[in-house]
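# Survey of secondary and tertiary structure
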Amino acid sequence: MVGYDPEAKCVSSVEAAAAGSASGLVTRVLVSPLDVIKIRFQLQIEQLSSRNPGSKYHGILQAVQRIFQEEGLVAFWKGHVPAQLLSVGYGAVQFMAFESLTKLVHITTSYNARDSFVHFVCGGLAACTATVAVQPVDTLRTRFAAQGEPKIYRSLRHAVVTMYQAEGPRTFYRGLTPTVIAIFPYAGLQFSFYNILQQFSEWVIPAEGKKGGNVKNLVCGSCAGIISKTLTYPFDLFKKRLQVGGFERARAAFGQVRIYRGLLDCVRQIVREEGPRGFFKGLSPSLLKAAVSTGLVFFWYELFCSLLCALKNTDSTTRKEG
């Protein structure tokens, strides 16, 4: 049901936006702790190893224990308000754009809307559109998740005012270049691999065993998330490093800090100081998050779309009977 289906014609663009928003909201609540750990790992200059005495975090379980001891349980939902705004807005724009683009391709070209290549291109374009729309909220979310104690920003409003006055409006779009560069193939691969895996499951699983479609959606989404995240991960790390530029004093408690003049300077400094492995810091929690979040996003999206279709069918049946 992800993408325009000329045979079903059940979900409109507005309904896709509603389902995408609801999917993003539910998923964000569940994966926020993994996101906070991933961001902490990405921003750490020191090697993620217990052998490095200057390393604050060196493993997922150790990071969970340390964050809990130092900052409490609520720390795993730091920046949750901007993160929810991000998820709800991103989900709405992405799925609405994806439904509209796949429908446009099917109507105006010779390509089938269900082709994996179409899903790759439309998925990438839809994600780029959503990214530009919500980038300021993403920057706020990263700042909240990255800050330690005492807090620099007391509230969302305080953060917006402080950042605008101290760094100007461009600060809300820090890291946009690597984000857009990475998001097209990342989202494109997500949608295309989800489509491929769905088609593969249709071929592998016999007709009588096709019950439990929700579990299939979850598994296909999780696998698509792992593949796409692994292939595009370094750009996510570059984005996070650039987003906390000008925020160095709030990072002092976590170890060394660096100032980057742009994307290329960020890449050069990481290679020189941290080596090629530095591009994949935080990959473990990121893959875990990608598997959980992508699986849940597609799972909830398909479920909400099914509910909307069922409601529409029930309503039309009631009208006919009346």
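In case you missed it, the structure is sitting above this.
It should be emphasised that the depicted structure is a prediction, and the values quoted were computed from it without experimental measurement.

Each value, and the rule that gives it
- Throughout this document, residue positions are counted from 1 along each chain, in the order its sequence is written.
- Residues qualify for local features only when their pLDDT is at least 70, as the model is predicted, and side-chain atom pairs are given and counted only at 80 or more; totals for whole chains, interfaces and linings, by contrast, use all residues.
- To obtain the side-chain values, all non-hydrogen atoms of the structure were included, while hydrogens and water were left out.
- Working definition: helices are DSSP H or I runs of at least four residues, strands are E runs of at least two. Numbering for both runs from the N terminus.
- It is over C-alpha atoms that the radius of gyration is taken, and the globule rule equals 2.2 Å times the number of residues to the power 0.38.
- Between buried and exposed lies partly exposed: a residue is buried under 20% and exposed over 50% of the maximum accessible area for its type, with that area taken using a 1.4 Å probe on protein chains only.
- Two residues form a contact once any of their heavy atoms are found within 4.5 Å.
- By the counting rule applied here, Lys and Arg register as positive and Asp and Glu as negative, while His and the ends of each chain are not counted.
- To locate a charge, take atom NZ for lysine, CZ for arginine, CG for aspartate or CD for glutamate.
- A helix is expected to reach a length of 1.5 Å times the quantity of its residues less one.
- Along the arc lie the directions from the helix axis toward the C-beta atoms.
- Angles shown run from 0 to 180 degrees and are taken between the N-to-C directions of axes, each axis being a line fitted to C-alpha atoms and, for helices, limited to the stretch in contact.
- The cut-offs work like this: below 35 degrees is roughly parallel, past 145 is roughly antiparallel, 65 to 115 is roughly perpendicular, and the gaps in between are oblique.
- By the criterion applied in these results, polar contacts are pairs of N or O atoms within 3.5 Å in which, for protein atoms, one can donate a hydrogen and the other can accept it, and in which residues neighboring in sequence qualify only through two side-chain atoms.
- Detection works on a 1 Å grid of protein atoms alone, calling trapped sets that fit a 1.4 Å probe cavities and calling open sets with protein on both sides within 12 Å along at least five of seven lines pockets, with lining residues defined by an atom within 4 Å of a point.
- Grid points are joined across faces, edges and corners, and a volume is the space filled by probe spheres set on the points.
- Each domain's extent is set by a domain assignment, obtained either automatically or from a database.
- The patches described consist of residues with a relative accessible area above 30% and no salt bridge, like charges being joined within 9 Å and nonpolar side chains (Val, Leu, Ile, Met, Phe, Trp, Tyr) within 5 Å.
- Computed by Shrake-Rupley with a 1.4 Å probe, the accessible areas treat only the displayed protein chains as cover when residues are assessed.
- By definition here, a salt bridge exists when the distance from a side-chain nitrogen of Lys or Arg to a carboxyl oxygen of Asp or Glu is within 4 Å.

A separate point is the overall build of the protein chain. A tally of helices and strands in the protein chain yields 9 helices and 0 strands. For the protein chain, the sequential pattern of α-helices and β-strands runs α-α-α-α-α-α-α-α-α. The C-alpha atoms of the protein chain give a radius of gyration of 21 Å, which matches the 20 Å a tight globule of 322 residues would have. Seen along its three principal axes, the alpha-carbon backbone of the protein chain occupies a region of about 70 × 40 × 40 Å. Evaluated residue by residue, the protein chain yields a buried proportion of 50% over its 322 residues. Residue pairs at least 24 apart in sequence account for 79% of intrachain contacts in the protein chain once pairs closer than 6 positions are excluded. Taking the 36 positively charged and 22 negatively charged side chains of the protein chain as two groups, their mean positions are separated by 7 Å.

This part covers helix H8 (residues 263-274). Between its first and last C-alpha atoms H8 spans 16 Å; for 12 residues at 1.5 Å apiece the expected length is 16 Å, and the two agree. Within H8 the residues assigned to the buried category are Asp265, Cys266, Gln269, Ile270 and Glu274. With its buried residues spanning 130° around the axis, H8 presents them on a single face. Exposed residues pointing more than 90 degrees away from the buried face of H8 are listed as Leu264 and Arg272. Of the surrounding secondary structure, the elements contacted by the buried residues of H8 are helix H7 (213-243). Among the residues trailing H8, Gly275 stands out with phi positive, at a value near 80°.

With that settled, the discussion passes to the packing of helix H1 (residues 13-43) against helix H2 (residues 60-71). Packing of H1 against H2 leaves a shortest axis separation of 11 Å and a crossing angle of 100°. The angle between H1 and H2 falls in the class roughly perpendicular. Residue-level inspection shows Ile37, Arg40 and Phe41 of H1 in contact with H2, the latter providing Ile60, Ala63, Val64, Ile67 and Glu71.

Time to look at the side chain of Lys281. For Lys281, the location among the structural elements is in the loop between H8 and helix H9 (283-321). Lys281 sits in the buried class, given a relative accessible area of 8%. Side chain to side chain, Lys281 and Glu274 meet in a polar contact 2.8 Å long. Not counting chain neighbours up to four residues away, the residues in contact with Lys281 comprise Phe41, Gln42, Gln44, Ile45, Glu46, Gln47, Leu48, Tyr233, Leu237, Arg241 and Glu274.

Taken as a whole, the largest pocket spans an internal volume of roughly 340 Å³. In terms of lining residues, the largest pocket is bounded by 18 residues, among which Leu48, Arg277, Phe280, Lys281 and Gly282 are the most central. Tallying contributions element by element places H9 first for the lining of the largest pocket, with 3 residues. No fewer than three residues from each of domain 1 (7-75 + 281-314) and domain 3 (178-278) sit in the lining of the largest pocket.

A cluster of nonpolar residues, Leu25, Val29, Leu30, Phe68, Leu73 and Trp77, forms a patch on the protein surface that exposes about 570 Å² of accessible area. Top contributing element to the nonpolar patch by residue count: H1, with 3 residues. Of note, Leu30 is situated in helix H1.

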